[in-house]
Amino acid sequence: MLPSSPHVKTVYSEANGVISALESLSAAELARSLFIDSTTLDVGIARSVAAEVISTGAQMVDAPVSGGVTGAKAGTLAFLVGGTESAFELSQPILTHMGNRIIHCGPSGAGLGAKICNNLVLGVQQIVVGEAMLLGQKLGLDPRILAGVINSSTGGCWASSVNNPVPYSLADKSPPCERNYEGGFATALMLKDMLLATDIAASTDSPLPLGKSAQNFYAETLRHRPDLAQKDFSSVYERLGQMRREE
């Protein structure tokens with residue numbers, strides 16, 4: 001798992017990278033070689049790198065993860081896998097050591113497509129949960145009661161029931177907000193994923209009015225609060241509160 005698209009291209013395709021190393025292997029060694037890349041990156045670049053790997057005789061899958069830090073610690077991650085059926089079958093027993101849901105989403109790039117769509121939903125939801133929690137408190141609601149209402153009603157979602165941005169609003173959980181937003185999914189990484197979503201949407205002529213607005217808000221948050229870049233992305237709640245005071 002690497003940070004983003006440029007790092008993957010460098011590791012695999014540049015001089016002295018993985019591709020050049022594969023070219024020195026025998027056919028038998030290549031047949032036994034499988035690459036699993038869990039980076040969340042541009043789908044086109046992932047497909048291009050996979051094609052290079054496969055052209056040597058090795059196999060490769062894209063396998064981004066869902067489940068966050070909590071899922072990683074518990075070994076309950078979901079791996080969203082893109083690749084051939086045979087490559088998926090080879091990767092599945094390896095991935096089950098780290099996750100309990102290994103989903104074959106389709107050919108090369110399909111796992112990434114699924115991950116980008118999932119994080120698009122999550123990125124939008126986390127902002128609106130912060131908005132609702134802030135509004136509710138301004139209306140005099142206890143955050144714990146409001147979170148309970150949302151989580152047992154039609155507004156319920158992971159961003160509220162697990163990653164609620166208001167400290168002590170979840171009676172049976174300890175989200176990153178209770179650790180000064182440490183130990184979660186970085187706001188900078190969420191912005192990266194929102195950019196991936198809006199870029200691929202533009203290339204496929206798919207409208208993302210809420211996604212684009214969310215991307216702009218994460219970017220605006222980091223411009224005003226660069227200290228939140230490595231904090232959990234639920235920390236956008238702090239920027240929302242700051243905006244209220246500025247008005």
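Let me begin by describing the structure that accompanies this report.

Parameters at a glance
Residues numbered from 1 in each chain as written. Predicted model: local features only at pLDDT ≥ 70, side-chain atom pairs only at ≥ 80, totals over all residues. Heavy atoms only, no water. Buried < 20%, exposed > 50% of the residue type's maximum accessible area, 1.4 Å probe, protein only. Helix = DSSP H or I, 4+ residues; strand = E, 2+ residues; numbered from the N terminus. Pairing = 2+ DSSP bridges. Right-handed = clockwise from strand over helix to strand, strands pointing away. Axes fitted to C-alpha atoms, helices over the stretch in contact; angles between N-to-C directions. Parallel < 35°, antiparallel > 145°, perpendicular 65-115°, else oblique. Left-handed = near helix turned anticlockwise from the far one by under 90°. Contact = heavy atoms within 4.5 Å. Nonpolar A, V, L, I, M, F, W, Y, C, P; charged D, E, K, R; others polar. Core = buried A, V, L, I, M, F, W, Y, C linked by side-chain atoms within 4.5 Å. Arc of directions from axis to C-beta. Polar contact = N/O pair within 3.5 Å; in protein donor to acceptor, adjacent residues only side chain to side chain.

### A word on the pairing of strand β1 (residues 34-37)
Along β1, the buried face is formed by Phe-35 and Asp-37; none of Leu-34 and Ile-36, which line the opposite face, is buried. Alignment of β1 against strand β2 (residues 59-62), held across 4 bridges, turns out to be parallel. Of the residues in β2, the one forming a bridge with Phe-35 is Met-60. Between the parallel pair β1 and β2, the chain is carried across by helix α4 (residues 43-55), and the sense of this crossover is right-handed.

### Remarks on the packing of helix α7 (residues 110-138) against helix α8 (residues 143-151)
Axis separation between α7 and α8 bottoms out at 10 Å; the angle between their running directions is 130 degrees. On the basis of the axis angle, α7 is oblique to α8. Crossing angle aside, the handedness with which α7 passes α8 is right-handed. Every residue of α8 that contacts α7 at Ala-132, Met-133, Gly-136 and Gln-137 is listed here: Pro-143, Leu-146, Ala-147 and Ile-150. For the contact of α7 with α8, a count of residues per class yields 6 nonpolar, 2 polar and no charged.

### Points about the nonpolar core
Ranked by size, the top nonpolar core spans 50 residues in total, and within it Tyr-12, Leu-22, Phe-35, Val-53, Met-60, Met-133 and Tyr-218 carry the most contacts. Contributions of two or more residues to this core are made by α1 (5-13), α2 (18-22), α4, α7, α8, α10 (187-203), α11 (209-224) and α12 (236-246). Here the element with the most residues in this core is α7; it accounts for 8 residues. Sequence-distant contacts of Tyr-12, defined by excluding residues within four places in its chain, comprise Gly-17, Val-18, Ile-19, Phe-35, Asp-37, Val-49, Val-53 and Met-60. In terms of nonpolar packing, the next biggest core, distinct from the first, is built from 10 residues, Ala-63, Val-65, Phe-79 and Val-81 among them.

### Digging into α8
Residues of α8 that are buried include every one of Leu-146, Ala-147 and Ile-150, and no others. With its buried residues spanning 100 degrees around the axis, α8 presents them on a single face. Contacts from the buried residues of α8 go to α7 and α9 (158-161). One side-chain oxygen at the N-terminal end of α8 lies 2.7 Å from the backbone nitrogen of Arg-144; it belongs to Asp-142.

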